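Chain residues, written in single-letter form:
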Amino acid sequence: MWGGRFAAGPDAIMEAINASISFDKRLARQDIEGSRAHATMLASTGILTDSDAEAIREGLLTILSEIEGGDFAFSAALEDIHMNVEARLKELIGEPAGRLHTGRSRNDQVATDFRLWVRDQADAAIGGLLSLQRAFLDQAEAGADWVMPGFTHLQTAQPVTWGHHMMAYVEMLGRDVSRFRDARARMNESPLGAAALAGTSFPIDREITAKALGFDRPCANSLDAVSDRDFALEFLSAATICAMHLSRFAEELVIWSSAQFRFVRLSDRFSTGSSIMPQKKNPDAAELIRAKIGRILGANVALLTVMKGLPLAYSKDMQEDKEQVFDAADSLLLALAAMDGMVRDMTANRDALETAAASGFSTATDLADWLVRELGLPFRDAHHVTGALVKMAEDRGVDLPDLSLADVRSVHDGITEAVFGVLGVHNSVASRTSYGGTAPAQVRAQVAAWRERLDKDAGADQT
């Protein structure tokens, strides 16, 4: 490949550090797809003959079949996927193979391959997220009126519904979908034809290759086209936030499935046992999902660090862009699939949820609100009265509904029997009817709205 300029071949150590075929062979399908589009464009502009272009396209299909069938011999001496494919193409069709590289460089070739690959991963992530949202929607709808404790600082705060808690994750994942879609829209420009960095003097038509590869348009600046890795960084950023969301729910599953909480039972499909303690049922899938954020965030930081000091245009440092993205994408898609399975299989313990919801003075805020609404107390005074009643109940080892009317009137003599109507957890959640609140009617409305939204998205994707 370098024969005209270099008198000696690369040292073995240089070959080892320089070659990327061990990992960039994952780009084989995208590389062949891009080369076929390039050959078609070269023929349509008269740069290649139709016969040469056809031989190239057919030869590339043969190579793709060999690679997918496991019959292709990759060579580290040929450095990367591009040269491995080109060398094999020459073996298959002879001289026309050498004309394929007209009007392009490995710089714009790899930038195109990598964009195509990352775009595919963004689509896969979106698909996984949409499926997981539906799993959470099913859980939310089933438990729209099941009460459970809502927490702040992992301390009982106010009663909420199981459905409301599940819908919080539907919202989070919806933002993740939006981020991947935004990133996909920005990355959907074709670098092909930018050549090494300055474009080419051949009369190529970049619109043809952009359209053939499903891009919206060609990149407008050749320097930027070959040196940009924002598309990979945006994918990693979206993946990092998404993995953080998955980790948060994984942490809840670890807590909720413990003997101390018993809020949920995870299926045997996503649990493991102990080699020594026969009673154990460990939430290993949740714990592993919780850990994936480390790999994905690490990939994000690694690529940012690679790119931060690079002058325009291409530098060999950018060969270090792919392994982190490959690993992060694999980790994210696996985590999404595992979480989807766990959410669909998990069973909520309705009785344990309700018992926990009624503990920890969870309706104290309802009492304070009642004092404001019914007795006209300023909220700060109502807060003080409620706090005194909580302390009384705590000292006696009971909950607020267990206090007598005489007890509560000893703190404020304006309180009436009607106050006990707001102290039950079901009354509490039913009263939270503000938009986005935990009331069962609000939960069901949000479930219906999200199902309609997802159905519209699915219909739009099919068209």
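Up top is the structure these notes are about.
Residues numbered from 1 in each chain as written. Predicted model: local features only at pLDDT ≥ 70, side-chain atom pairs only at ≥ 80, totals over all residues. Heavy atoms only, no water.

J.: Can you help me understand the overall build of the chain in this one?
T.: Counting its regular elements, the chain contains 18 helices and six strands. In terms of C-alpha radius of gyration, the chain reaches 30 Å, well past the compact-globule figure of 23 Å for 463 residues. Along the three orthogonal principal directions, the C-alpha set of the chain runs to about 100 × 50 × 40 Å. For the chain, with 463 residues in total, the buried portion stands at 49%. Counting only contacts in the chain whose residues sit at least 6 apart along the sequence, the fraction spanning at least 24 positions is 75%. Taken as a whole, the chain presents about 21700 Å² of accessible surface, with 53% of it coming from carbon and sulfur. Treating the 47 positive side-chain charges of the chain as one cloud and the 65 negative ones as another, the clouds have centres 1 Å apart. (Helix = DSSP H or I, 4+ residues; strand = E, 2+ residues; numbered from the N terminus. Rg over C-alpha atoms; globule rule 2.2 N^0.38 Å. Buried < 20%, exposed > 50% of the residue type's maximum accessible area, 1.4 Å probe, protein only. Contact = heavy atoms within 4.5 Å. Areas by Shrake-Rupley, 256 points an atom, 1.4 Å probe, with all protein chains shown as cover. Lys, Arg positive; Asp, Glu negative; His and termini not counted. Charge placed at Lys NZ, Arg CZ, Asp CG, Glu CD.)

J.: Sorry, what's going on with the packing of aromatic side chains here?
T.: The way to describe two aromatic rings as a pair is by their centre distance and the angle between their planes. This model, assessed by the stated rule, comprises 13 aromatic pairs. With a centroid separation of 6.4 Å and an interplanar angle of 90 degrees, the aromatic rings of Phe114 and Phe326 are classed as edge-to-face. One end of the pair, Phe114, is in helix H6 (residues 106–142); the other, Phe326, is in helix H12 (residues 322–345), with 212 residues separating them in the sequence. With relative accessibility at 0%, the residue Phe114 sits in the buried group. Accessibility expressed as a relative area gives 4% for Phe326, which makes it buried. Geometrically, the ring pair formed by Trp256 and Phe263 is tilted, given 6.2 Å between the ring centres and 45 degrees between the ring planes. Comparing Trp256 with Phe263, the two get one shared label, buried. Three or more aromatic residues joined by ring pairs form one cluster here, namely Phe136, Phe151, Trp162, Tyr169, Phe249, Trp256, Phe261 and Phe263. Geometry around Phe326 places Arg26 over its ring, the cationic atom sitting 4.9 Å from the centre. One residue, Lys322, lies across the ring of Phe114, its end atom 5.6 Å from the ring centre. (Phe/Tyr/Trp six-rings, centres within 6.5 Å; stacked < 30°, edge-to-face > 60°. Lys NZ or Arg CZ within 6 Å of the ring centre and 35° of its normal.)

J.: Would you mind showing me how to read the nonpolar core here?
T.: A general trend in soluble globular proteins is that nonpolar side chains are found buried together. Counting residues in hydrophobic clusters, the biggest one holds 100 residues, and the most contacted among them are Trp162, Phe180, Phe249, Leu253 and Met339. Per-element tally for this core: the top contributor is helix H10 (residues 230–256), with 15 residues. (Core = buried A, V, L, I, M, F, W, Y, C linked by side-chain atoms within 4.5 Å.)

J.: I keep staring at the pattern of salt bridges and nothing clicks. Help me out?
T.: Working definition: two side chains of opposite charge can pair if their charged atoms are close together. Summed over all chains, the structure comprises 33 salt bridges. A salt bridge links Lys322 to Asp321, with the shortest nitrogen-to-oxygen separation between them at 2.8 Å. You can call Lys322 buried: its relative accessible area is 4%. The buried category is assigned to Asp321, whose relative accessible area is 0%. When salt bridges that share partners are traced, they join Asp138, Glu141, Asp340, Arg344 and Arg451 into one network. (Salt bridge = Lys/Arg side-chain N within 4 Å of Asp/Glu carboxyl O.)

J.: I keep staring at helix H11 (residues 284–307) and nothing clicks. Help me out?
T.: Here H11 contains 24 residues, and its C-alpha end-to-end distance of 35 Å stays within 8% of the 34 Å for a straight helix at 1.5 Å per residue. Taken together, the buried positions of H11 are Ala285, Ala286, Ile289, Lys292, Ile293, Ile296, Ala299, Asn300, Leu303, Val306 and Met307. (Expected span 1.5 Å × (residues − 1).)

J.: I tried to follow H6 on my own but got confused; where do I start?
T.: It helps to recall that an α-helix has 3.6 residues per turn; residues three or four apart then point in one direction. Between its terminal C-alpha atoms H6 stretches 54 Å, which fits the 54 Å expected from 37 residues at 1.5 Å a residue. By the criterion of burial, H6 is predominantly enclosed, with 26 of the 37 residues buried. One side-chain oxygen of the residue at the start of H6 lies 2.9 Å from the amide nitrogen of Asn107, identifying that residue as Ser105. (Polar contact = N/O pair within 3.5 Å; in protein donor to acceptor, adjacent residues only side chain to side chain.)

J.: So what exactly am I meant to see when it comes to the pairing of strand E2 (residues 155–161) here?
T.: Successive residues of a regular strand alternate their side chains across the two faces of the sheet. In the sheet, strand E1 (residues 147–152) pairs with E2 via six bridges, with the strands oriented antiparallel. By the bridge assignment for E2, Pro149 is matched with Pro159. Hairpin connection between E1 and E2: a loop of two residues separates the two successive antiparallel strands, and His153 in this loop has a positive phi of roughly 55 degrees. (Pairing = 2+ DSSP bridges.)

J.: What's the story with the layout of surface pockets in this structure? I'm lost.
T.: The rolling of a water-molecule-sized probe over the atoms marks out the regions of remaining empty space. One number sums up the size of the largest pocket: a volume of about 700 Å³. What lines the largest pocket is a set of 30 residues, among which Phe151, Val160, His164, His165 and Ala168 lie closest to the centre. Going through the elements one at a time, E1, E2, helix H7 (162–187), H10 and helix H18 (440–462) are the ones with two or more residues in the lining of the largest pocket. The greatest single-element share of the lining of the largest pocket, amounting to seven residues, is contributed by H7. For the lining of the largest pocket, the per-class residue count stands at 14 nonpolar, 11 polar and five charged. (1 Å grid on protein atoms, 1.4 Å probe; cavity = no way out; pocket = protein on both sides within 12 Å on 5 of 7 lines; lining within 4 Å. Points joined across faces, edges and corners; volume = space filled by probe spheres on them. Nonpolar A, V, L, I, M, F, W, Y, C, P; charged D, E, K, R; others polar.)

J.: Whenever I open this one, unusual backbone geometry confuses me. Can you help?
T.: Excluding glycine, residues mostly carry a negative phi; peptide bonds, for their part, are mostly trans. Omega for the bond connecting Leu312 with Ala313 falls within 30 degrees of zero, at 10 degrees, which places this linkage in the cis form. When you line up the elements, Ala313 lands in the loop between H11 and H12. We note that Glu79 has phi near 75 degrees; this positive angle belongs to a residue other than glycine. Relative to the helices and strands, Glu79 is located in the loop between helix H4 (50–68) and helix H5 (81–93). For Glu79, a relative accessible area of 7% corresponds to the buried category. Even without a glycine there, the phi angle at Arg262 is positive, about 60 degrees.

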